[in-house]
Amino acid sequence: MTHFTPSTIAALVIAASFAAGLNVYATVLTLGLLAHAHWVELPQGLEILSQWWVIIVSACLFAAEFVADKIPGFDLVWNTMHTVIRIPIAALIAYGASSHLSPGMQVLATAAGASIALVAHGSKTSLRAAVTPSPEPISNIALSTTEDAVAIGLSWLVTQHPWTAATIAAVLLLIAIVMTHWMVKTLRRWLGRIKGEPAY
């Protein structure tokens with residue numbers, strides 16, 4: 001059974017927060033199932049994730065998101081609504097994971113968890129907004145499935161190889177920041193061209 005130490009709590013916060021920003025239900029479900037099966041011993045503040053009612057609720061919500069997130073158009077509404085769900089729950093996961101640390105470190109971990117989830121969620125929503133107008137649904141389904149796989153994969157990997165998972169999450173975080181910056185610049189350029197066009 002994997003045990004988290006003070007030195008690997010940071011890795012858990014980084015990887016789990018990024019995963020939650022992509023799919024919070026898959027993250028909670030994966031961590032909960034692994035803890036319930038005694039394959040990992042989560043920090044004391046996250047013991048609630050291994051309870052059956054949390055596992056069942058997160059499984060049902062994951063099933064709903066699995067379908068909703070693959071419907072072009074509706075996925076944008078779904079992701080926008082989840083801004084007020086993914087980020088706060090990621091913050092709570094980080095808060096629980098750091099429950100045995102000093103109050104100052106716990107606040108720092110909570111803020112980091114929320115910030116990482118915000119970037120992951122924001123980049124996911126921005127990318128989805130760019131892909132959704134595509135007339136074929138395959139790209140949207142493939143993108144959503146990849147996001148689900150990354151969320152589940154990171155959540156599992158952080159329980160086996162914490163710093164490997166954290167490194168992967170950090171690289172993906174950097175890519176997400178660069179991608180979001182590029183998309184914002186491209187959108188501004190397009191809007192500038194539209195405004196600059198003469199009216200007929």
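Residues numbered from 1 in each chain as written. Predicted model: local features only at pLDDT ≥ 70, side-chain atom pairs only at ≥ 80, totals over all residues. Heavy atoms only, no water.

### Some remarks on the overall build of the protein chain
Point 1. Helices and strands together make up the secondary structure of the protein chain, namely seven helices and two strands.
Point 2. Put simply, the protein chain runs from its N terminus to its C terminus through helices and strands in the order β-α-β-α-α-α-α-α-α.
Point 3. Relative to the globule expectation of 16 Å for 200 residues, the C-alpha radius of gyration of the protein chain, 18 Å, shows essentially globular dimensions.
Point 4. Relative to its 200 residues, the protein chain shows a buried fraction of 44%.
Point 5. In the protein chain, 73% of the contacts between residues at least 6 apart in sequence involve partners at least 24 apart.
Point 6. About 10,400 Å² of surface is accessible on the protein chain, with carbon and sulfur atoms providing 76% of the total.
Point 7. For the protein chain, the separation between the mean place of its 9 positive charges and that of its 9 negative charges on side chains is 15 Å. (Helix = DSSP H or I, 4+ residues; strand = E, 2+ residues; numbered from the N terminus. Rg over C-alpha atoms; globule rule 2.2 N^0.38 Å. Buried < 20%, exposed > 50% of the residue type's maximum accessible area, 1.4 Å probe, protein only. Contact = heavy atoms within 4.5 Å. Areas by Shrake-Rupley, 256 points an atom, 1.4 Å probe, with all protein chains shown as cover. Lys, Arg positive; Asp, Glu negative; His and termini not counted. Charge placed at Lys NZ, Arg CZ, Asp CG, Glu CD.)

### Some remarks on the packing of aromatic side chains
Point 1. Enumeration according to the criterion identifies two aromatic pairs in this entry.
Point 2. Taken together, a centroid distance of 6.2 Å and an interplanar angle of 65° make the contact between Phe-62 and Phe-66 edge-to-face. Within this pair, Phe-62 and its partner Phe-66 are both found in helix α2 (residues 52–68), separated by four residues, close to a single helical turn.
Point 3. Judged by centre distance (6.3 Å) and plane angle (45°), the ring pair of Phe-74 and Trp-78 falls under tilted. Of the two residues, Phe-74 and Trp-78 are both situated in helix α3 (residues 74–81); the distance of four residues between them amounts to about one turn of the helix.
Point 4. Its relative accessible area of 39% is what places Phe-74 among the partly exposed residues.
Point 5. Of the residues examined, Trp-78 reaches a relative accessible area of 13% and is grouped as buried.
Point 6. Over the aromatic face of Phe-66 sits the side chain of Lys-70, whose NZ or CZ is 3.7 Å from the ring centroid. (Phe/Tyr/Trp six-rings, centres within 6.5 Å; stacked < 30°, edge-to-face > 60°. Lys NZ or Arg CZ within 6 Å of the ring centre and 35° of its normal.)

### Quick word on the nonpolar core
Point 1. Grouped together as the largest cluster of nonpolar side chains are 43 residues, with contacts concentrated most on Leu-12, Phe-18, Leu-42, Leu-46 and Leu-49.
Point 2. Residue assignment for this core shows that the elements contributing at least two residues are α1 (6–36), α2, α4 (83–97), α5 (103–131), α6 (138–160) and α7 (162–196).
Point 3. For this core, the element with the highest residue contribution is α1, accounting for 17 residues. (Core = buried A, V, L, I, M, F, W, Y, C linked by side-chain atoms within 4.5 Å.)

### Some points on the packing of α4 against α5
Point 1. The geometry of α4 relative to α5 is characterised by a closest axis approach of 7 Å and an angle of 150° between their N-to-C directions. On the basis of their axis angle, the class for α4 and α5 is roughly antiparallel. Judged by the sense of rotation from one axis to the other, the crossing of α4 with α5 is right-handed. Residues Thr-83, Arg-86, Ile-87, Ala-90, Ala-91, Ala-94 and Tyr-95 of α4 pack against Gln-106, Ala-109, Thr-110, Gly-113, Ala-114, Ala-117, Leu-118, His-121 and Lys-124 of α5. (Axes fitted to C-alpha atoms, helices over the stretch in contact; angles between N-to-C directions. Parallel < 35°, antiparallel > 145°, perpendicular 65-115°, else oblique. Left-handed = near helix turned anticlockwise from the far one by under 90°.)

### Focus on the pattern of salt bridges
Point 1. In the structure shown here, the tally under the stated rule is eight salt bridges.
Point 2. Of the charged contacts, one joins Arg-86 and Glu-65 as a salt bridge, the two residues approaching to 3.1 Å between their closest N and O atoms. Of this pair, Arg-86 sits in helix α4 while Glu-65 sits in helix α2; the two residues are 21 residues apart in sequence, bridging distant segments of the chain. The same class applies to Arg-86 as to Glu-65, namely buried.
Point 3. Residues Glu-147 and Lys-124 are paired through a salt bridge, measuring 3.4 Å at the closest nitrogen-oxygen approach. Taken together, the residues span a long stretch of sequence, with Glu-147 in helix α6 and Lys-124 in helix α5 at a distance of 23 residues.
Point 4. Of the residues examined, Glu-147 reaches a relative accessible area of 7% and is grouped as buried. (Salt bridge = Lys/Arg side-chain N within 4 Å of Asp/Glu carboxyl O.)

### Some words on the packing of α1 against α4
Point 1. At their nearest, the axes of α1 and α4 sit 9 Å apart, and the two run at 145° to each other. As α1 runs across α4, the sense of the crossing is right-handed. Together, Ile-9, Leu-12, Val-13, Ala-16, Ser-17, Ala-20, Gly-21, Leu-22, Val-24, Tyr-25 and Val-28 of α1 and Ile-85, Arg-86, Ile-89, Ala-90, Ile-93, Ala-94 and Ala-97 of α4 make up the contact between the two elements.
Point 2. Residue composition of the contact of α1 with α4, by class: 15 nonpolar, two polar and one charged. (Nonpolar A, V, L, I, M, F, W, Y, C, P; charged D, E, K, R; others polar.)

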